[in-house]
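What follows is each chain in one-letter form.
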Amino acid sequence: MENLMDKIISLAKRRGFIFPGSEIYGGMANSWDYGPLGVELKNNIKNEWWKMFVHQRADVVGVDTALVMNPKVWEASGHLKEFSDPLIECKKCHSRFRADEMKGDKCQECGGKEFTTPKQFNLMFKTFIGPAEDAANTAYFRPETAQGQFVDFKNILETSRKKLPFGIAQMGKAFRNEITPGNYIFRTREFEQMEIEYFIPEPKKDKDWEKYFEMWLDEMKRWLKHLGISDKHLHYHDIPDGERAHYSKRTVDVEYDYPFGQKELYGLAYRTAFDLKNHADKSGQDLRYTDTETNEKYLPHVIEPTWGVDRSMLVAILEAYHEEKAPTSEKGEEDVRVVLKFPKWMAPVKVAILPLSKKEELSNFAKDIYGDLIKDFICEYDETQSIGKRYRRQDEIGTPYCVTVDFESLEDKAVTVRDRDTMKQDRIKISELKNYLSDKLK
Ligand code: ATP
């Protein structure tokens, strides 16, 4: 039996969601490209996130900062010193592994049993600015979006005139020279993050930050529900002392039951004033916040919820994937219906327009309907192959509604709308079609 990951990887390739990167050159290990449907799905997820956490919250503003920043940023943040994983090397085949992720005591490549002692491997992606490749021109691709929010904190505070508590959101690419990338788009060296740095008053008492931490944990749960992720696949893991990132006083990892095991999906961390303090020290700038009521000046503390875009895509597809017994075909064969039951807001295509025949009078009529619907919805027009095969394709890409145009449509000015999940068909007047679809897609 083909396992679920293989099925998803194959469907995503076949239908244009996700392709292996640089495939015509034999690919590049663990790099993936998002195809026409993949990029729609990804944009829907990113836009929905932005809407939920930036547009629909008065206390969060957005930013979009550079991928390559002044290297001093990474000295201050501690990434140059601390952002590393323990690396070991098999003495026989020289394959390298993350020491903390070793399964058993044998090399997964050659079965060798002897390894070098673990050494810390920095995950920062190095590059050079300008023509000279020397230390003075060394720079790094950002390993997280978060530092942009800290570095721009003062500019944003002054221009947005926000009062604490408030957040700065950013989404975009991050780069990590992972020792063991893999599991499809779960761990890659180039990926996207959506992060909020939520600045809170300096805690007067030990636990003053906790209510904000709980608020963001609830917000993350709200998002997961919206994404269609079932509670039974989710776990909230409080990371114990000694295992947290160098900057964090409390971290909760949101973990998901992937087909390859229970692993991190998102994270929530209390970063204290660690970042602002280090940037203030290193840059010599005053990054303190002035309380307008008390005139007190202090460095705000930070709660950071962080979401991986690619992992969001992966879990959205895993949750949406269903195999159902299809109605027995005309030839009497039993069939399996593969359907991606995305929440409707997430589906890359909302409506497919399918004329039953390619005859000009019908296809012109159907194209007019398509031309009108496309002003309001992402639509696909498809007149090739049998109607059964076309339904199958739309089910596989998760299109919530198929509009079938038949010869009767020319007479009664009505079409048949098929619902992806129930497969129920409604005959709808063309004059009412837009309203009908708008209501259903709300
Ligand atoms: P992991 O323990 O899986 O290495 P992490 O704890 O290092 O992850 P964070 O630094 O908390 O991850 O990054 C925030 C989010 O970015 C993660 O929750 C995840 O969704 C995403 N992410 C991190 N590394 C990768 C990667 N290599 N590929 C894809 N997404 C990633």
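Procedures and definitions
- All residue numbers refer to position in the chain's written sequence, counted from 1.
- Local features are withheld for residues below a pLDDT of 70 in this predicted model, meaning they are given only at 70 or higher, and side-chain atom pairs are given and counted only at 80 or more; totals for whole chains, interfaces and linings count all residues.
- Each side-chain value is derived from all of the structure's non-hydrogen atoms; neither hydrogens nor water enter the calculation.
- For the exposure calls, accessible area comes from a 1.4 Å probe over protein chains only, and a residue counts as buried if that area is under 20% of its type's maximum, exposed if over 50%, partly exposed in between.
- For the purposes of this entry, the term helix denotes a DSSP run of H or I that reaches at least four residues, the term strand denotes a run of E that reaches at least two, and both are numbered from the N terminus.
- Picture the helix axis, draw a direction to every C-beta atom, and the arc is the one those directions span.
- Here, residues are in contact when the closest pair of their heavy atoms is within 4.5 Å.
- Whether a residue is near a molecule or strand depends on its heavy atoms: if one lies within 4 Å, it is near.
- Throughout this description, a polar contact denotes any pair of N or O atoms lying within 3.5 Å of each other; where both atoms belong to protein, one of them has to be capable of donating a hydrogen while the other can accept it, and for residues adjacent in sequence the pair is counted only when both atoms sit in side chains.
- Here the open area of atoms and residues is found with the Shrake-Rupley method and a 1.4 Å probe, where only the protein chains shown may cover a residue.
- Under this scheme, a helix contributes an axis fitted over its contacting stretch, all axes are lines through C-alpha atoms, and angles between N-to-C directions fall in the 0 to 180 degree range.
- Handedness of a crossing follows from how the near helix is turned relative to the far one, being left-handed for an anticlockwise turn of less than a right angle and right-handed for a clockwise one.
- Each residue gets one of three labels, nonpolar for Ala, Val, Leu, Ile, Met, Phe, Trp, Tyr, Cys and Pro, charged for Asp, Glu, Lys and Arg, and polar for the others, Gly among them.
- Think of a salt bridge as a Lys or Arg side-chain nitrogen and an Asp or Glu carboxyl oxygen that are within 4 Å of each other.
- When DSSP finds at least two bridges between two strands, those strands are taken to pair.

### Digging into helix α8 (residues 274-283)
- Taken as a whole, α8 has its buried residues at Asp275, Leu276, His279 and Ala280. Buried residues of α8, viewed axially, fall in a sector of 130°; they line one side.
- Among the structural elements, α3 (72-77), α5 (146-151), α6 (153-160), β10 (190-200) and β13 (261-272) are those in contact with the buried residues of α8.
- Gly284 sits one or two positions beyond α8 and adopts a positive phi of about 75°.

### Describing the site of the ligand
- Neighbouring the ligand are 14 residues; Glu178, Arg187, Thr188, Glu264 and Leu265 lie closest to it.
- Within the side chain of Glu178, one N or O atom sits 2.8 Å away from a nitrogen atom of the ligand.
- The backbone of Thr188 places a nitrogen or oxygen atom 2.8 Å from a nitrogen atom of the ligand.
- Taking 600 Å² as the accessible area of the ligand by itself, protein coverage stands at 84%.
- Where the shell around the ligand is concerned, the elements lending two or more residues are β10, β13 and β16 (301-308).
- Looking at which element gives the most residues to the shell around the ligand, the answer is β13, with four residues.

### Focus: the side chain of Ser77
- Following the sequence through the fold, Ser77 ends up in helix α3.
- On the basis of relative accessibility, which here comes to 1%, the residue Ser77 falls in the buried class.
- Those residues in contact with Ser77 that sit more than four places away from it in its chain are Gln147, His246, Phe274 and His279.

### Here's the deal with the packing of helix α10 (residues 360-373) against helix α13 (residues 430-441)
- Relative to each other, α10 and α13 sit at 35°, their axes nearing to 11 Å. As for the relative orientation of α10 and α13, their crossing is right-handed in sense. Residues Phe365, Ile369, Asp372 and Leu373 of α10 form the contact with α13, whose participating residues are Ile430, Leu433, Lys434 and Leu437.
- Residues belonging to the contact of α10 with α13 are distributed by class as follows: six nonpolar, no polar and two charged.

### Looking at the pattern of salt bridges
- By the definition in use, this model includes 44 salt bridges.
- The closest approach of N and O atoms between Glu101 and Arg187, which form a salt bridge, is 3.7 Å. In this pair, Glu101 sits in the loop between β5 (96-98) and β6 (119-122) while Arg187 sits in the loop between β9 (166-175) and β10, placing the two residues 86 residues apart along the sequence.
- With a relative accessible area of 30%, Glu101 lands in the partly exposed category.
- Judged by relative accessible area, Arg187 falls into the buried class, the value being 14%.

### Some remarks on the sheet that holds β13
- An order of β3-β9-β10-β16-β13-β12-β11 is seen for the seven strands of this open sheet, with the pairing classed as mixed. Of all strands in the sheet, those with a lone pairing partner are β3 (60-62) and β11 (234-238), marking the two edges. Here the average twist between neighbouring strands, direction ignored, is 25°.
- Relative to strand β12 (residues 250-258), β11 runs antiparallel, the two being bridged by five bridges. For Tyr236, the partnering residue across the bridge sits in β12 and is Val254.
- Its contacts with the sheet place helix α9 (residues 309-320) against β10, β12, β13 and β16, and it is angled at close to 35° to β12.

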